[in-house]
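Each chain is listed here by its residues.
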Amino acid sequence: MPLDSDAIGRGCHGKITAATQLCGAELGRFRAIAAEDGPLTVACTRQATLFSQVAAENNRANSIQFANIRETAGWSDDAERAGPKMAALLAAATEVVAPAQMVQLESSGVIVIYGRDEAAIEAGDLLKDHLDVTVLIAPPAALAPPRSADYPIAKGRITSIKGHLGAFDVVVDDFAEAAPSSRRALAFGPSRNNARSTCDIVLDLTGGPALLPADLRDGYLRADPGSPAAILQAVLKARDLVGTFEKPRYITFDAGLCAHSRSKQTGCTRCLDACPAGAITPAGNHVAIDADICEGCGQCATACPTGAASYALPPEDALVRKLRTMLLAYHQAGGERAVMLVHDEVHGSPLIDAQARFGDGLPSNVLPFAVNEVTQVGLESIIAAFAYGVSAVHFLLRAKPRHDVSGLTRTIALADPILAGLGFGEGRLSVIATDDPDHLIEALRAAPAHAPAPRPASFRPVGGKRDVLRFALAELHRAAPAPVDVVPLPDGAPFGAVEVDAAGCTLCLSCVSVCPTSALRDDPERPALRFVEDSCVQCGLCRTTCPEKVITLVPQIDFRASRAPTRLLKEEEPFCCIRCSKPFGVKSSIERVVAKLEGQHWMYSGSAHRLDAIKMCGDCRVGFVAEQGFESYGAPGPTVRTTDDYLRDRETQRDPDGGSN
């Protein structure tokens, strides 16, 4: 493949060494370079193991970064112009991400094989020497009895299943154990409902609807009972599920930032709606994410408006830093009209490799950007990419995704109006759902050509997800072709304003007490309701909680919000205590209460001064009530007894001789 060393040097800003057989005849050159122990990136992933072994033999302390510039750039009909792209890929490889925390799953090999016919028995025979097998046959369970009882066989219908590898909880109705005296067909004893059992692995051979998201739940395996090859593949997978297994903790969660609920009022449910694995459940004022179940699609993190849920493989700021490094290197090397192709390693990388080996290869301006899951890419990454100067972003998905990808669809639907509102135009974002390399290249070629931002940004992302998004939006606004101050957004957007019908608002401030981000605030000096748009995430808790129902959410992005002062939504005169003159309430509210109670309530009748209690602060009201002798419910209050009263009663009960009656 052709190498443009000058372009690579301009983009990477380091010492460039070119070779043709670095893993063979020129391995000595690599050994000498690796011995220097400085930062080192090798443009080859095929021989990464060999290079790592050679470096370890020389006691190299620093790790080596590897980048594939062959299938992604050099093997292409457009390779002559791929120098800037190679520089971008090499530069991106230098952005090392800290490893994610791991979660451990323990499995002792207890398996339930759930089937409808002899296929379940055959699977049990294959696994009986490796796992602790129980076969459960769905009714009517008309099967010939096996010759030997090597494992338990029962009939039943699974009605509920929860858990994960090593910790499944199964509920079975119409459960009955097989009788050992069965002759022509399996006979079963008395059946019962709501039978419960635990197991480590579930192999589903019923051919019916999935009990769980099969591709998103460790330990739950499914296979077509009519396909011996599929059954054998599932049996082999099940056989190996014994021992201790590790999986990444994909999501970092801060319950203190969660806007799910306050005071038993539900607000934000975005993550609950987005999770395809069922790993998220309500847990009071916040949600709980089960790391043992989570399979890392990342859609909860992209949907979370506060940053309570954030992706950890890698974190959002690290992902944007890699984007920044790649695009800065591409531009500095002379690249133009960069197009980002976001893909995963499992599906996308083989598709790109196949196109490079057997097709025309990727165009020189298409930069492949590998992530753990395509659906983990959120609004902050998309906005940052355009701020850094990409002209379009394509998301490469499977023709039949292994889980619901509506979270990605919603993210694109949110980014589209922002880009269009700032003058970037339509069609900058697209999804390419294919398993065909030729279809991939056709879709890339058919995509319209767009001009990048006229003033690309170079900001370095810092902080959490919400902070990165604020940075990216501000820089996109600065770099936009036609910046405007306000862009309307669709419902459900994590930005916006709050409008209050001032005439109906009583300044009860219940909205302030439930606001999880302090976007709604009171004033310690006087009755007032204030609003900070930059903090609002449109969770809706204020609207749900408001007793007067006078709050309306306005989804929009106001690029002035970060610099705007607190906005006053409503303000009233305070009411001052008629005794001590301390302000303690809203004047209009106190006057309204007094007007409603005057002459209408027994407690305040009989004396013109009793209504004065409403006009007093809490401290003065206590003394006033005692002075006036307010009666409870119109009945005389109990007489207060003192120590003297009790002593007097005791004296009257004594007999003349000094005894007691």
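Residues numbered from 1 in each chain as written. Predicted model: local features only at pLDDT ≥ 70, side-chain atom pairs only at ≥ 80, totals over all residues. Heavy atoms only, no water.

Enquirer: Is there a simple way to think about the overall build of the chain in this case?
Expert: Along the backbone of the chain there are 20 helices and 29 strands. Principal-axis analysis of the C-alpha atoms gives the chain an extent of 120 × 85 × 50 Å. Counting across all 661 residues of the chain, residues that qualify as buried make up 47%. Of the contacts formed within the chain by residues at least 6 apart in sequence, a portion of 68% connects residues at least 24 apart. As presented, the chain carries roughly 32100 Å² of accessible surface, and 50% of it is formed by carbon and sulfur atoms. (Helix = DSSP H or I, 4+ residues; strand = E, 2+ residues; numbered from the N terminus. Buried < 20%, exposed > 50% of the residue type's maximum accessible area, 1.4 Å probe, protein only. Contact = heavy atoms within 4.5 Å. Areas by Shrake-Rupley, 256 points an atom, 1.4 Å probe, with all protein chains shown as cover.)

Enquirer: How do you make sense of the pattern of salt bridges when you look at a structure like this?
Expert: Counted according to the given criterion, the structure contains 28 salt bridges. Measuring nitrogen to oxygen at the nearest pair gives 3.1 Å for the salt bridge that ties Glu572 to Lys570. Each member of the pair, Glu572 as well as Lys570, carries the same accessibility label: buried. Here the residues in one salt-bridge network are Arg70, Glu71 and Arg357, joined through shared partners. (Salt bridge = Lys/Arg side-chain N within 4 Å of Asp/Glu carboxyl O.)

Enquirer: Could you clarify how one ought to interpret a nonpolar patch on the surface in this entry?
Expert: Taken together, the side chains of Leu126, Leu232 and Leu236 make up a nonpolar region of the molecular surface, amounting to roughly 260 Å² of accessible area. Along the chain, the position of Leu126 falls in helix H6 (residues 118-127). Judged by its relative accessible area of 47%, Leu126 falls in the partly exposed class. (Patch = residues over 30% accessible without salt bridge, like charges linked within 9 Å, V, L, I, M, F, W, Y side chains within 5 Å.)

Enquirer: Sorry if this is basic, but what is going on with the pairing of strand S18 (residues 339-344) here?
Expert: The two faces of a sheet get side chains in turn, since along a regular strand they alternate between them. Where burial is concerned, most of S18 is hidden: 6 out of the 6 residues are buried. Side chains of S18 alternate between two faces, with Val339, Leu341 and His343 and Met340, Val342 and Asp344 buried alike. Direction of pairing for S18 relative to strand S19 (residues 366-371): parallel, over a ladder of 6 bridges. Across the sheet, the residue bridging to Asp344 is Val371, located in S19. Bridge analysis of S18 against strand S20 (residues 392-397) gives 4 bridges, and the strand direction is parallel. Paired with Leu341 across the strands is His394, a residue of S20. (Pairing = 2+ DSSP bridges.)

Enquirer: Help me out: how do you make sense of the environment of Ala185 in this one?
Expert: Relative to the assigned elements, Ala185 resides in the loop between strand S7 (167-177) and strand S8 (195-199). Judged by relative accessible area, which is 39%, Ala185 ranks as partly exposed. Ala185 sits 270 residues away from Arg455 along the chain, and the two C-alpha atoms are 78 Å apart. When neighbours within four sequence positions are excluded, Ala185 is seen to be in contact with Leu143, Ala144 and Pro145.

Enquirer: Honestly, the packing of helix H1 (residues 5-12) against helix H5 (residues 83-93) in this entry has me stumped. Any pointers?
Expert: For any two helices packed against each other, the geometry comes down to the angle between their axes and how far apart the axes lie. Relative to each other, H1 and H5 sit at 40°, their axes nearing to 8 Å. As the angle between them shows, H1 and H5 are arranged oblique. Where H1 crosses over H5, the handedness of that crossing is right-handed. For the pair H1 and H5, contact is made by Ala7, Ile8, Gly11 and Cys12 and by Gly83, Pro84, Met86, Ala87, Leu90 and Ala91, respectively. Split into classes, the residues belonging to the contact of H1 with H5 amount to 8 nonpolar, 2 polar and no charged. (Axes fitted to C-alpha atoms, helices over the stretch in contact; angles between N-to-C directions. Parallel < 35°, antiparallel > 145°, perpendicular 65-115°, else oblique. Left-handed = near helix turned anticlockwise from the far one by under 90°. Nonpolar A, V, L, I, M, F, W, Y, C, P; charged D, E, K, R; others polar.)

Enquirer: Would you mind going over the nonpolar core with me for this structure?
Expert: Generally speaking, a soluble globular protein has its nonpolar side chains buried in company with each other. Met340, Val393, Phe395, Leu429 and Leu476 are the most contacted members of the largest nonpolar core, which totals 63 residues. Mapped by element, the contributors of at least two residues to this core are H5, helix H10 (316-332), S18, S19, helix H12 (379-387), S20, helix H13 (406-421) and helix H15 (465-479). For this core, the element with the highest residue contribution is H12, accounting for 7 residues. In contact with Met340, not counting residues within four places along its chain, are Leu323, Met326, Leu327, Leu367, Phe369, Val390, Ala392, Val393 and His394. With 30 residues, the next largest nonpolar core counts Val133, Ala141, Ile153 and Leu241 among its residues. (Core = buried A, V, L, I, M, F, W, Y, C linked by side-chain atoms within 4.5 Å.)

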